[in-house]
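# Working through the structure, step by step
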Amino acid sequence: MSFYKSGEPIVDAKAPAGPIEDRWTTRKFEAKLVNPANKRKKTVIVVGTGLAGGSAGATLAELGYHVVQFCFQDSPRRAHSIAAQGGINAAKNYRNDGDSVHRLFYDTVKGGDFRSRESNVHRLAEISTQIIDQCVAQGVPFAREYGGLLDNRSFGGAQVSRTFYARGQTGQQLLLGAYQALMRQVDAGNIELHPRHEMLDLIMVEGRARGVVVRNLIDGEITSYTADAVVLATGGYGNVYFLSTNAMGSNVTAAWRAHKHGALFANPCYTQIHPTCIPVAGEHQGKLTLMSESLRNDGRVWVPAQAGDSRPASEIPEDERDYYLERIYPAFGNLVPRDIASRAAKNMCDEGRGVGPGGLGVYLDLADAIKRLGKDAVAAKYGNLIEMYERITGENPYVQPMRIYPAVHYTMGGLWVDYDLQSTIPGMFVIGEANFSDHGANRLGASALMQGLADGYFVLPATIGDYLARGGTGAVPQEAIDEAEARVRTQVERFLSIDGDRTVDSFHRELGHIMWEYCGMERTEEGLRKALELIPALKEEFWQRVKVPGSGVDLNQELEKAGRVADFFELAELMVIDALHRTESCGGHFRAESQDADGEAARDDVNFSYVGAWEWGDGGLPILHKEALDFEYVHPSTRSYK
């Protein structure tokens, strides 16, 4: 039985020809420009105020465009980017340890398991060095060495130190830098900022994106805003799993509503499972807490050598411990990429060597680092992370090892974009985690912040002008606005009219269990087909039994969640279909049927070296379009970290 239809291949990602190191310069020169006087006549809508959205809004306004910006939080400072901990990559080679733009490019393509577009990744590596200068100029307090130079540390998937950091608060400090730039433009009158507004539909005119419909989350008012172009910077969709490291409000709604209007959704099955998360404590939890990957610089990961050993960590002698990452992957040790470390932890627990409640945990031990560096030095690097762990678990990592286990974290899939970051809907650009473009099947640690700021500060401002300079926008007919608003009102009324007997959260949690069980760290054909039976049945029950109390004309968080969970149901089906059709293992997508003799992921480059970009089936089967991936500079090879 087929779950999808085949469509036409994508043949033009608009990357310039020529040497890869010259392509970004070539594209910027060839792009048409908008003169300063005309920029004041152009309006750009930006949805989202995280690192990508905040930096984009601030930069576009600084260039002279009028920006209308939205976030569903009460302040741009509450964007989920603030939760990022460990650092941001940049190829500055301050440590003189062999780093370069080309090495960062190579590591990123390899780390993504050869499933990303070379042109985009090389541009990201080039821009990485400019991001640090931009942020230092804003006053971002990066860690510094004794002599005053910016410090670096290592992260997974690299053998050089290229990660700039601000203790375990890097996302917070970078977001505050973008926020200050954003609010400067708000104060100058160049940005019209609308917090507590959620985008619920896209306004389309003759196939182009011309505006958005939003709901005021305080009073329920539904309003439309029009513009010459729309930018989505709305983050990832990891909360489809219910339990994830994402903020509980993170969702796919804006991207999904755009998908239904014609924006292709690329590689939805590529989910990143982060290896260093505080293990689940019970059914009461609504989210999980991340421990930064930076801890793997100095922390050693281990489990008891013998299955069933339930002794406290302090009572297990050194020769009865298995430092399994160091044993299996001697070249990278504890700094293997996230997908490798996550699967290895799962394997240890599956063998009965897990620790903690239910045996779903492994140790991350800082004891050797404390002996080598001293407690004060370890505290200076990781103190806030250690404090956070202690507050949540009641355990002191200076005395006993942390317990960690993999959890859903980041999504490499997202709306398909070309080299200009424009989706398949003309006039709609997608930046940051909301697009698919840079990370392939697995994101290297400390590269999310790099991509968000590269897209917002440097790429989008250079490419959106080319679209705006070509004109063709004109007035937005009232009919198009009315139709979009009517769609939103109809859905709100539908939710309120069901009056069932189950909460939104109960459905979301059950959907999350299905996704984690059958489309999580390990996928099988049997499990994925089972999920495609369970998800539609649960979705049908949702539309019959969900209970949304209150009204649509005031603050109603259950109504907000209902819309988001309805979109998660549809997304979940597409994720499973994408995972089912891709009968290879690559990066975060591990098919049990596709592994080598050592249990490592086995890619199929002959049949699957492409981006899977899905078209909304409009009530029927989704339609698969393929963008072939050509590797001129980093040739696919067996991805080994041994």
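Just above sits the structure.
What you see is a predicted model; the values in this text were computed from it and never measured. (Residues numbered from 1 in each chain as written. Predicted model: local features only at pLDDT ≥ 70, side-chain atom pairs only at ≥ 80, totals over all residues. Heavy atoms only, no water.)

Turning next to the overall build of the protein chain. A tally of regular secondary structure across the protein chain gives 17 helices and 20 strands. Computed over C-alpha atoms, the radius of gyration of the protein chain comes to 24 Å, within 12% of the 26 Å expected from 2.2 N^0.38 for 642 residues, which places it in the range of a compact globule. Its C-alpha atoms put the protein chain at 75 × 60 × 50 Å along the principal axes. Within the protein chain, the proportion of its 642 residues that are buried is 61%. For the protein chain, restricting intrachain contacts to residue pairs at least 6 apart in sequence, the fraction spanning at least 24 positions comes to 74%. With an accessible surface of roughly 24100 Å², the protein chain has 49% of that area assigned to carbon and sulfur atoms. Computed over 67 positive and 84 negative side-chain charges, the inter-centroid distance for the protein chain is 3 Å. (Helix = DSSP H or I, 4+ residues; strand = E, 2+ residues; numbered from the N terminus. Rg over C-alpha atoms; globule rule 2.2 N^0.38 Å. Buried < 20%, exposed > 50% of the residue type's maximum accessible area, 1.4 Å probe, protein only. Contact = heavy atoms within 4.5 Å. Areas by Shrake-Rupley, 256 points an atom, 1.4 Å probe, with all protein chains shown as cover. Lys, Arg positive; Asp, Glu negative; His and termini not counted. Charge placed at Lys NZ, Arg CZ, Asp CG, Glu CD.)

Structurally, Ser250 can be placed in the loop between β10 (229-232) and α7 (253-260). Under the relative-accessibility criterion, Ser250 is labelled buried at 13%. For Ser250 and Leu60, which are 190 residues apart along the polypeptide, the C-alpha to C-alpha distance reads 25 Å. In this view, Ser250 contacts Phe72, His80, Asn239 and Phe568; residues no more than four positions away in its chain are not counted.

What follows is about the sheet that holds strand β7 (residues 197-205). Pairing within the open sheet is antiparallel, and its three strands lie in the order β7-β8-β9. Lying at the two open borders of the sheet, with one neighbouring strand each, are β7 and β9 (222-226). Looking at each pair of strands side by side, their axes are set apart by 30° on average, direction ignored. (Pairing = 2+ DSSP bridges. Axes fitted to C-alpha atoms, helices over the stretch in contact; angles between N-to-C directions.)

Before going further, it helps to examine the environment of Leu629. In this structure, Leu629 sits in the segment after β20 (623-628). The spacing of Leu629 and Val362 is 267 residues in sequence and 37 Å in space, taken between C-alpha atoms. Each residue touching Leu629, except ones within four places of it in the same chain, is listed here: Phe114, Arg115, Ser116, Arg117, Ser609, Tyr610 and Val611.

As defined by bridge partners, strand β1 (residues 5-6) adjoins β20 across two bridges and the pair is classed as parallel. Residue pairing across strands places Lys5 opposite Ile623, the latter belonging to β20. Two strands pair when backbone bridges link them, and strand β19 (residues 610-615) and β20 are joined in this way by six bridges, in the antiparallel orientation. What sits directly across from Trp614, in β20, is Leu624.

The next thing to look at is the nonpolar core. Grouped together as the largest cluster of nonpolar side chains are 180 residues, with contacts concentrated most on Ile88 and Met428. Tallying contributions element by element places helix α16 (residues 557-581) first for this core, with 14 residues. Discounting residues that sit within four places of it in the chain, Ile88 has contacts with Ile131, Ile132, Phe142, Arg162, Thr163, Phe164, Thr170, Leu174, Ala446, Leu449, Met450 and Leu453. Formed by six residues, the second largest nonpolar core is a distinct cluster that contains Ala313, Ile316, Val355 and Tyr363. (Core = buried A, V, L, I, M, F, W, Y, C linked by side-chain atoms within 4.5 Å.)

What follows concerns the sheet that holds strand β11 (residues 265-266). Overall, mixed pairing links the five strands, which are arranged β1-β20-β19-β11-β17 in an open sheet. Each having just a single partner strand, β1 and β17 (414-415) make up the two edges of the open sheet. Direction of pairing for β11 relative to β17: antiparallel, over a ladder of two bridges. Note on β17: the bridge partner recorded for Phe265 is Leu415. Across the face of the sheet, α16 comes into contact with β11, β19 and β20 while running at roughly 145° to β19.

Overall, the coordinates contain 21 aromatic pairs when judged by the stated rule. With a centroid separation of 4.8 Å and 85° between ring planes, the pair formed by Phe332 and Tyr641 is classed as edge-to-face. Residue Phe332 is located in the loop between α8 (324-328) and α9 (338-350), and its partner Tyr641 is located in the segment after β20; the two are separated by 309 residues in the primary sequence. The burial state of Phe332 is the same as that of Tyr641; both residues are buried. It is Arg494 that lies over the ring of Trp543; its NZ or CZ is 3.8 Å from the centre. Its guanidinium or amino end placed over the ring of Phe507, Arg502 lies 3.9 Å from that ring's centre, counting from NZ or CZ. (Phe/Tyr/Trp six-rings, centres within 6.5 Å; stacked < 30°, edge-to-face > 60°. Lys NZ or Arg CZ within 6 Å of the ring centre and 35° of its normal.)

Looking at the element boundaries, Arg115 is found in the loop between α4 (101-111) and α5 (118-138). Reaching out from Arg115, the side chain makes a polar contact with the backbone oxygen of Phe608 at a distance of 3.2 Å. (Polar contact = N/O pair within 3.5 Å; in protein donor to acceptor, adjacent residues only side chain to side chain.)

For the pair helix α13 (residues 478-498) and helix α15 (residues 525-545), interaxial distance at closest approach is 7 Å and the crossing angle is 80°. With respect to α15, the axis of α13 lies roughly perpendicular. Side by side, α13 and α15 meet where Gln491, Arg494, Phe495 and Ile498 of the first sit next to Phe542, Trp543, Gln544 and Arg545 of the second. Counted by class, the contact of α13 with α15 contains four nonpolar, two polar and two charged residues. (Parallel < 35°, antiparallel > 145°, perpendicular 65-115°, else oblique. Nonpolar A, V, L, I, M, F, W, Y, C, P; charged D, E, K, R; others polar.)

Turning our attention to unusual backbone geometry. One non-glycine residue, Lys14, adopts positive backbone phi at about 65°. With respect to the helices and strands, Lys14 occurs in the loop between β1 and α1 (23-30). By relative accessible area, which is 39% here, Lys14 ends up partly exposed. Phi at Asp113 is positive, roughly 55°, even though this residue is not glycine. Secondary-structure assignment places Asp113 in the loop between α4 and α5.

Moving on: α15. With 21 residues, α15 extends 30 Å from end C-alpha to end C-alpha; this agrees with the ideal 30 Å at 1.5 Å per step. When α15 is considered as a whole, its buried residues turn out to be Gly527, Leu528, Ala531, Leu532, Ile535, Leu538 and Phe542. When α15 is viewed along its axis, its buried side chains cluster within an angular range of 150° and face the same direction. Of the exposed residues in α15, those oriented more than 90 degrees away from the buried face are Glu526, Glu533, Glu540 and Gln544. Among the structural elements, α13, α14 (504-519) and α16 are those in contact with the buried residues of α15. (Expected span 1.5 Å × (residues − 1). Arc of directions from axis to C-beta.)

Summarising the sheet, strand β8 (residues 208-216) and β9 pair through five bridges and their orientation is antiparallel. In the sheet register, Arg215 faces β9, and the bridge partner there is Ile222. Between β8 and the antiparallel strand that follows it, β9, lie five residues; Gly220 among them carries a positive phi value of about 80°.

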